[in-house]
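Analysis of the macromolecular model
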Amino acid sequence: MSDGLTVSGLSKTFVSGGGLLGGPEQRVRAVDDVSFAVEEQGSLGLVGESGCGKSTAARCVLRLIEPDAGAIHYADIDIAKAGRHELVRIRRRIQIVFQDPYSSLNPRRTIRQTLTEPLRVHGVCAGREADERAGQMLSEVGLSRDVLNRYPHEFSGGQRQRVGIARALMLEPSFVVADEPVSALDVSVQAQVLRLLADLRDRRRLGFLFISHDLGVIRHFCKQVAVMYLGRIVEQGPVEELFREPLHPYTRLLLDSSPVPDPAARRDLSEETGEVPSASNPPPGCAFHPRCPHAMPVCREIRPATTSPAPNRLVACHLYG
Amino acid sequence: MSLLSVSGLTTEFRTDAGWRAAVRDVDLEVGANETLAIVGESGSGKSVTALSILRLLPEAGARIAGGSCLFEGRDLAHLDETAMQAIRGARIGMVFQEPMTALNPTMTIGNQIGEVLVRHRGMPRAEARAETLRLLERVRLPSPARRIDDYPHQFSGGMRQRVVIAMAIACRPALLLADEPTTALDVTIQAQILRLLKELQRENGMGMIFITHNLGVVAQIADRVAVMYAGRIVESAPVDEIFARPLHPYTRGLLQAMPRHDRMQDLEPIPGAVPSIRETIVGCAFAPRCPLRIARCVEAPPLDAVGENHAVRCWVAAEKVPA
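The shown structure was predicted, so the numbers you read here are calculated from the model rather than taken from an experiment.

With that settled, the discussion passes to the pattern of salt bridges. Residues and elements named next belong to chain B. By the definition in use, this model includes 39 salt bridges over all chains. A salt bridge links Glu299 to Arg296, with the nearest nitrogen and oxygen atoms 3.9 Å apart. Classification of Glu299 by relative accessible area gives partly exposed; the value is 41%. Overlapping salt bridges, with partners in common, bring together Arg138, Arg140, Arg195, Glu199 and Glu203 in one network.

Structure representation (structure tokens):
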């Protein structure tokens, strides 16, 4: 087993409705046969639009959502098969940073309580030693040690996200799942938090699974990227190369649609490109075919297999089949 | 000739520390066929500027403390509510970030758009329905004839925003005010909506005020740009000029802080945070975060013209440029 995180064949279906009053049962394949790997100290970005399954996939990796199928390994740990005790052990190695620093911090707890709780729960230390560690962590994320007795509402969004990052690092994990960690922040503060995350990554040699809808943020933070559409990874590879030369028509659409701060790079999308179909009733064959400018008859019937048309590149598209 | 001419607009909010200005001394001009983008971060005053022009601020907690908004020969800042109602939705169309704030969840989309046509354009019901169908086709709502009697919740966010746009242009307004209209949408849908707004502007000759925090969107849609910080315009220029030659340290800071997907650059965060409305601002509001700060910044700098249509509110930047 290699080091780092390896995920293969991950699937999760959500069922809603059904039963006496629930109306017709709906099944949504939020994550459908997803495979990826993040090297030790590597950084993989999962990018896609709302509902593509990127957050569900990330949460399955930590078993915050129970996957239906798939193998998940981190270093020597079999996460998918882990029992309760092993899961506790895993949480010391892998931690998560959430998007919304407003709802992810308990408003009734002081920063001290929030930061020292993981140490207490995992039996690492308590009391003065825990306070000392919390203080050190605060200065590492760019906050003053004096804020230990304050409450979350006394902080701005950027400061709260620093607290969220500090909490994730209290147990000294080696891998961080970051679920849209800068999406709720203004651009000037977003850059501060991105820089902080990059510093921590380098200093602590952290591996990252980084979820974002923002291609610029992904390009800035990640070495590798996987693009998701309707529960599946349609393309993955090194971020520089993949953004320079996207293979999958959806990646191309995503790049063309994401505006850059340069009027000379204005794009006039020549045709209507449709909307993401319902995940409870995805199109047959390739799920992207109704929006795809290159759709062929085969795309409507057969789901494309993942192939590797170039070194380090993977794509699920009949154009390369 | 400007369609809308805002001058000296100051809007205040009631806080526990008394009345505090959220928008200070703002001047804006928008012409027909022209898109003015107002860009800024949370708390910059960009949305309050829009709500002030539309007179949609809550009366108990906010007031226009000064300035004028001249539009089609009248000063909106001093009109009564009845007169404003005849202008909003008729002469000035509105599109906001969250389409559900503009839509009534208990009415079909056809009836909602129809009501606007009956009320503002005095159309008979049957004619209004035919016109509604034409509008829904125009904003490219798929299968409009089948969906005209659906309710807002039956549509996706992008389709709802198309419905809101259809309603906003129903009376062929002279001005469209769009406040973060694509912020809640995915990027592929955002690109479609931006394109639609541009097309409609070309057809109707509308002026447009487009409020956004996203510099990428600004570059995509604007003709002219006003950058706001702490309630003031700190820089304004034509779109090509402001991206090629940003002068205010805040504008430059924003551009250097934004990660781009088309090239790798070192991100340079702006230190610190936007001042709160409760803080008393002395001198330049950006000075505490500014890399160019000099002693003189304790005095408030004026918005200085530094070239054709380019103005900047900064002692240092204005001096460096030969006027």
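Having seen the structure, we can now continue with the description.
Looking now at the interface of chain B and chain A. Across the boundary between the two partners, chain B contributes 44 residues, which contact 39 residues of chain A. Roughly 3,700 Å² of surface becomes buried between chain B and chain A when both sides are summed, with 54% attributable to carbon and sulfur atoms. Joining chain B to chain A, the criterion identifies one salt bridge. Glu268(B) is the salt-bridge partner of Arg195(A), the closest N and O atoms lying 3.5 Å from each other. Scanning the region where chain B abuts chain A turns up 19 residue pairs in polar contact (both at pLDDT 80 or more). Among the secondary structure elements, those contributing two or more residues to the side of chain B that touches chain A are α6 (157-169), α7 (187-204), α8 (215-221), α9 (239-244) and α10 (249-257) of chain B. Across the side of chain B that touches chain A, the residue classes tally to 22 nonpolar, eleven polar and eleven charged.

Turning our eyes to something else, we now look at helix α6 (residues 187-204) of chain A. Residues and elements named next belong to chain A. When the terminal C-alpha atoms of α6 are compared, their 25 Å separation across 18 residues agrees well with the 26 Å that a helix rising 1.5 Å per residue should span. Here α6 lies mainly inside the structure; 13 of its 18 residues are buried. One or two steps after α6, the chain reaches Arg205, where phi turns positive at roughly 50 degrees.

Bringing the environment of Ala65(B) into the picture now. All names here are of chain B. Residue placement: Ala65 occurs in strand β4 (residues 62-71). It is 5.4 Å that separates the C-alpha atoms of Ala65 and Thr10, two residues lying 55 residues apart in sequence. Non-local contacts of Ala65, meaning those with residues more than four positions away in its chain, are made with Thr10, Thr11 and Glu12.

On to the sheet that holds strand β10 (residues 232-238) of chain A, then. All names here are of chain A. The strand order across the open sheet built from eight strands is β6-β7-β8-β3-β9-β10-β12-β11, with neighbouring strands paired in mixed fashion. Strands at the two margins of the open sheet, each flanked by one partner only, are β6 (94-97) and β11 (306-307). Note: β10 against strand β12 (residues 314-316), two bridges, orientation antiparallel. Within β12, the position partnered with Gln236 by the bridge is Leu314. Strands β3 (43-47), β7 (175-179), β8 (207-212) and β9 (224-229) of the sheet are contacted by helix α1 (residues 54-61), whose axis makes an angle of about 150 degrees with β8. The sheet strands contacting helix α9 (residues 249-257) are β9 and β10, and the helix crosses β9 at an angle near 100 degrees.

The rules behind the values
Counting starts from 1 at the beginning of each chain's written sequence and moves along it residue by residue. Numbering of ligands from 1 and lettering of chains from A proceed in the order in which they are written. Only residues with pLDDT of at least 70 get local features here, since the model is predicted, and only at 80 or more are side-chain atom pairs given and counted; chain-wide, interface and lining totals rely on the full set of residues. Excluding hydrogens and water, the side-chain figures rest on all heavy atoms present in the structure. Salt bridge, as used here, is a side-chain nitrogen of Lys or Arg placed within 4 Å of a carboxyl oxygen of Asp or Glu. Each residue's exposure class comes from its accessible area (1.4 Å probe, protein chains only) as a fraction of the maximum for that residue type: buried when under 20%, exposed when over 50%, partly exposed otherwise. When checking whether two residues touch, look at their non-hydrogen atoms; a contact exists if any pair is within 4.5 Å. Throughout, buried area stands for the accessible area (probe radius 1.4 Å) lost by two parts on being put together, summed over both. Nitrogen and oxygen atoms within 3.5 Å of one another constitute a polar contact, given that in protein one can donate a hydrogen and the other can accept it, and given that sequence-neighbouring residues count only through two side-chain atoms. Only runs of H or I of at least four residues qualify as helices and only runs of E of at least two qualify as strands under DSSP, and these elements are numbered from the N terminus. For this classification, the nonpolar set comprises Ala, Val, Leu, Ile, Met, Phe, Trp, Tyr, Cys and Pro, the charged set comprises Asp, Glu, Lys and Arg, and every other residue, Gly included, is treated as polar. One less than the residue count of a helix, multiplied by 1.5 Å, gives the span that helix is expected to have. The rule for pairing is simple: two strands pair if DSSP sees at least two bridges between them. Every axis corresponds to a line fitted to the C-alpha atoms, with the helix fit spanning only the stretch in contact, and the corresponding angles, defined between N-to-C directions, vary from 0 to 180 degrees.

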